[in-house]
Amino acid sequence: MASIQLDHIRHAYGAKPKSPSDYALKEVHHTFDDGGAYALLGPSGCGKTTLLNIISGLLQPSEGRLLFDGRDVTHLATEARNIAQVFQFPVVYDTMTVFDNLAFPLRNRGVAESEVRRRVSEIIDMIDLGALADSKAQRLTADSKQKIALGRGLVRSDVNAILFDEPLTVIDPHMKWMLRSQLKHLHRRVGFTMVYVTHDQTEALTFADRVVVMYEGEIVQIGTPEELFERPRHTFVGYFIGSPGMNVLPISIEGRTARVDGMTVDLPVPVAIPPGARAELGIRPEFVRIGREGFPATVTKIEDIGRHRIVRATLGGLEIAAIVPEDAEIPTDPRVSFEPRGINVYADSWRVGSEAGA
Ligand code: ATP
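Just so you know, these numbers come straight off a predicted model, no measurement behind them. (Residues numbered from 1 in each chain as written. Predicted model: local features only at pLDDT ≥ 70, side-chain atom pairs only at ≥ 80, totals over all residues. Heavy atoms only, no water.)

### Quick word on the sheet that holds strand 10 (residues 218-223)
Convention followed: Two strands pair if DSSP finds at least two bridges between them. Counting from the N terminus, the helices are the DSSP runs of H or I reaching at least four residues and the strands are the DSSP runs of E reaching at least two. The axes used here are C-alpha line fits, helices contributing only the stretch in contact, and every angle between their N-to-C directions lies in the interval 0 to 180 degrees. What makes two residues a contact is simply this: any of their non-hydrogen atoms within 4.5 Å.
With respect to topology, six strands assemble into an open sheet ordered 6-7-8-3-9-10, the strand pairing being mixed. Two strands in the sheet have a free side with no partner beyond their single neighbour: strand 6 (83-86) and strand 10. Pairs of neighbouring strands in the sheet enclose a mean axial angle of 20°, with direction left out of account. Against the sheet, helix 4 (residues 142-154) touches strand 6, strand 7 (161-165) and strand 8 (194-198), its axis set at about 170° to strand 6.

Following this line, the structure appears as structure tokens:
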């Protein structure tokens, strides 16, 4: 296992990049701790696969260095980096048994057969395929094949890291949930450094201790699921995480007062917005109250989603979403107020009071 240090990494696919938009990765400068479970989360095209391929060695970064436990591996080939990879579509040897598939990475490295048996038996139990140990892989379902691929990623005990590229895409929803929980459990047991690429927030939030949110070639925040929920450092994190995402409202600020489309909101602390910056107030729907206090609003839609309801309303000229308990009364002349602890202020999309970046 190793820490993974991304030292001022930038990557452009084209030759001679000039402007920031020419870079698929603009500037990535972070360390993934030894033994951590990280999810790289972001929309299509934000640079997740590019970053993963740089870590695995499939791609050389245009600029910057990659270090495993302080050792520069930027120019090492994938095989020399000592990592395991699990891809979106399982790579399984159909004519081999489940046992032999799992044993392959160990036998390939000359591990003694007694040790191969010990490791494979342990892993086969973890992935719950013990009953199929002697079956040929070609007879198995897609789910079981992906379990083999996961197991092969975990079977070696000497890897620096395990990299997963959307490994549950081909799995049906119920099995996805099971495998995700199993993987989390496996991580706790084996303690490998794991990096897991996904564009699915549920997958990221259940698997990872730390979620790395990427947007337009940058890491905009690395945080625990709670940190991403409570203090999104960038408005994109607010939109992308949560369902529905954070409300982001244009404001102007005077000391401790924010003006939102003619209405005023007291801020928990005074904030200073740099001159010329675009000021916004972010509030998650969970912290928006609909009742008899606050600003007059018009409810436009109510969605019942079981435990609670999502209320969509207009407030002045702005649209806002609120999450209210199933049994809460919505007055005929509803008013909207914000819970102070849920208020975040942003200047040019970055949270005021957080350092830009992650
Ligand atoms: P997805 O979830 O769709 O896989 P991603 O977040 O993994 O997306 P990347 O595949 O890393 O994103 O792509 C980042 C940017 O780099 C995109 O604009 C993409 O079009 C571009 N890109 C990726 N691979 C290449 C390539 N081989 N040549 C040129 N541009 C590329």
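### A word on the packing of aromatic side chains
To keep it simple, the criterion reads: Note on ring pairs: Phe, Tyr and Trp rings are taken, using the six-membered ring of Trp, and paired if centres are within 6.5 Å. Classes follow the plane angle, with under 30 degrees stacked, over 60 edge-to-face and the rest tilted. Buried means the residue's accessible area, taken with a 1.4 Å probe over protein chains only, is under 20% of the maximum for its type, while exposed means over 50%, and partly exposed covers the values in between.
Across all of its chains, the model carries eight aromatic pairs by this definition. Aromatic pair Tyr 215 and Phe 236: ring centres 4.1 Å apart, planes at 15°, arrangement stacked. Here Phe 236 lies in helix 8 (residues 235-240) and Tyr 215 lies in strand 9 (residues 210-215), a separation of 21 residues in the sequence. Residue class for Phe 236 comes out buried when judged on its relative accessible area of 9%.

### A closer look at unusual backbone geometry
With omega at -5°, the peptide bond leading from Ser 243 into Pro 244 counts as cis. Position of Pro 244 relative to the elements: it lies in the loop between helix 8 and strand 11 (247-250). Phi at Asp 348 is positive, roughly 50°, even though this residue is not glycine.

### Some thoughts on the packing of helix 2 (residues 98-107) against helix 3 (residues 113-126)
Test applied: Angles are sorted into four bins: roughly parallel if under 35 degrees, roughly antiparallel if over 145, roughly perpendicular if 65 to 115, and oblique for all others. Should the near helix be turned counterclockwise from the far one by less than a right angle, the crossing is left-handed, whereas a clockwise turn marks it as right-handed. Each residue gets one label: Ala, Val, Leu, Ile, Met, Phe, Trp, Tyr, Cys and Pro are nonpolar, Asp, Glu, Lys and Arg are charged, and the others, such as Gly, are polar.
Where helix 2 contacts helix 3, the axes come no closer than 9 Å and their chain directions differ by 125°. In terms of their interaxial angle, helix 2 and helix 3 are classed as oblique. Crossing angle aside, the handedness with which helix 2 passes helix 3 is right-handed. The segment helix 2 lies against helix 3, with Val 98, Phe 99, Leu 102, Ala 103, Leu 106 and Arg 107 engaging Glu 113, Val 116, Arg 117, Arg 119, Val 120, Ile 123 and Ile 124. For the contact of helix 2 with helix 3, the class distribution of residues is nine nonpolar, no polar and four charged.

### Some words on a nonpolar patch on the surface
Rules: Patch membership requires more than 30% relative accessible area and the absence of a salt bridge. Residues of like charge join within 9 Å; the nonpolar side chains Val, Leu, Ile, Met, Phe, Trp and Tyr join within 5 Å. Areas reported here follow the Shrake-Rupley algorithm with a probe of radius 1.4 Å; residue values treat only the protein chains shown as occluding. We define a salt bridge as a side-chain nitrogen of Lys or Arg found within 4 Å of a carboxyl oxygen belonging to Asp or Glu.
A contiguous nonpolar patch, built from Phe 87, Val 91, Tyr 93 and Phe 104 and spanning about 320 Å² of accessible area, is present on the exposed surface. Within the secondary structure, Tyr 93 sits in the loop between strand 6 and helix 2. Using a relative accessible area of 33% as the deciding quantity, one classes Tyr 93 as partly exposed.

### Comments concerning the domain arrangement of the protein chain
Defined as follows: What fixes the domain bounds is an automatic or database domain assignment. Put simply, buried area is the surface a 1.4 Å probe can reach on two separate parts but cannot reach once they are joined, added for both. We call two N or O atoms a polar contact when they sit within 3.5 Å, provided that within protein one can donate a hydrogen and the other can accept it, with sequence-adjacent residues counted only if both atoms are side-chain atoms.
According to the domain assignment, the protein chain consists of domain 1 (4-230) and domain 2 (239-352). Taking only C-alpha atoms, the centre of domain 1 and the centre of domain 2 are 38 Å apart. Facing the 11 residues of domain 1 at the interface are eight residues of domain 2. Summed over both sides, the interface of domain 1 with domain 2 buries roughly 850 Å², with 68% coming from carbon and sulfur. Taken together, the links from domain 1 to domain 2 amount to zero salt bridges. Our count for the contact surface shared by domain 1 and domain 2 stands at four residue pairs in polar contact (both at pLDDT 80 or more). Within the residue set of the side of domain 1 that touches domain 2, elements represented by two or more residues are helix 6 (201-207) and helix 7 (225-230). Examining the composition of the side of domain 1 that touches domain 2, we find that three residues originate from one element, helix 7, more than from any other. Tallied by class, the residues present in the side of domain 1 that touches domain 2 amount to seven nonpolar, three polar and one charged.

### Some remarks on the site of the ligand
Filter applied, for reference: To be near a molecule or strand, a residue needs just one of its heavy atoms within 4 Å of it.
Close to the ligand lie Tyr 13, Ala 24, Pro 43, Ser 44, Gly 45, Cys 46, Gly 47, Lys 48, Thr 49 and Thr 50, which account for all nearby residues. For the ligand, an oxygen atom lies 2.6 Å from a polar atom in the side chain of Thr 49. Here the ligand loses 53% of its free accessible area of 630 Å² to cover by the protein chains. Taken together, the residues of the shell around the ligand break down into four nonpolar, five polar and one charged.

### Structural notes on helix 4
Defined as follows: Take the residue count of a helix, subtract one, and multiply by 1.5 Å to get its expected span.
In this model helix 4 runs 19 Å from its N-terminal to its C-terminal C-alpha over 13 residues, within 8% of the 18 Å that 1.5 Å per residue would give. Taken across its 13 residues, helix 4 has 12 buried, putting it largely inside the fold. Buried residues in helix 4 make contact with strand 6, helix 2, helix 3, strand 7, helix 5 (173-190) and strand 8.

### Some thoughts on the sheet that holds strand 21 (residues 335-338)
Taking strand neighbours across the sheet as the criterion, the three strands line up as 16-21-17 in an open arrangement whose pairing is antiparallel. Among the strands making up the open sheet, the edge pair consists of strand 16 (288-291) and strand 17 (295-296). Pairing geometry for strand 16 and strand 21, over four bridges, is antiparallel. Considered in strand 21, the bridge of Val 288 is made with Phe 338.

### Things to note about helix 3
Defined as follows: In this description, the arc belongs to the directions extending from the helix axis to the C-beta atoms.
Over its 14 residues, helix 3 runs 20 Å from end to end, which matches the ideal 20 Å to within 8%, given 1.5 Å per residue. Of the positions making up helix 3, those classed as buried are Val 116, Arg 119, Val 120, Ile 123, Ile 124 and Met 126. One side of helix 3 holds all its buried residues, which, seen down the axis, span an arc of 150°. Set apart from the buried face of helix 3 by more than 90 degrees, the exposed residues are Ser 114 and Asp 125. Elements in contact with the buried residues of helix 3: helix 2, helix 4 and helix 5. Positive phi shows up at Asp 128, right after helix 3, with a value of about 65°.

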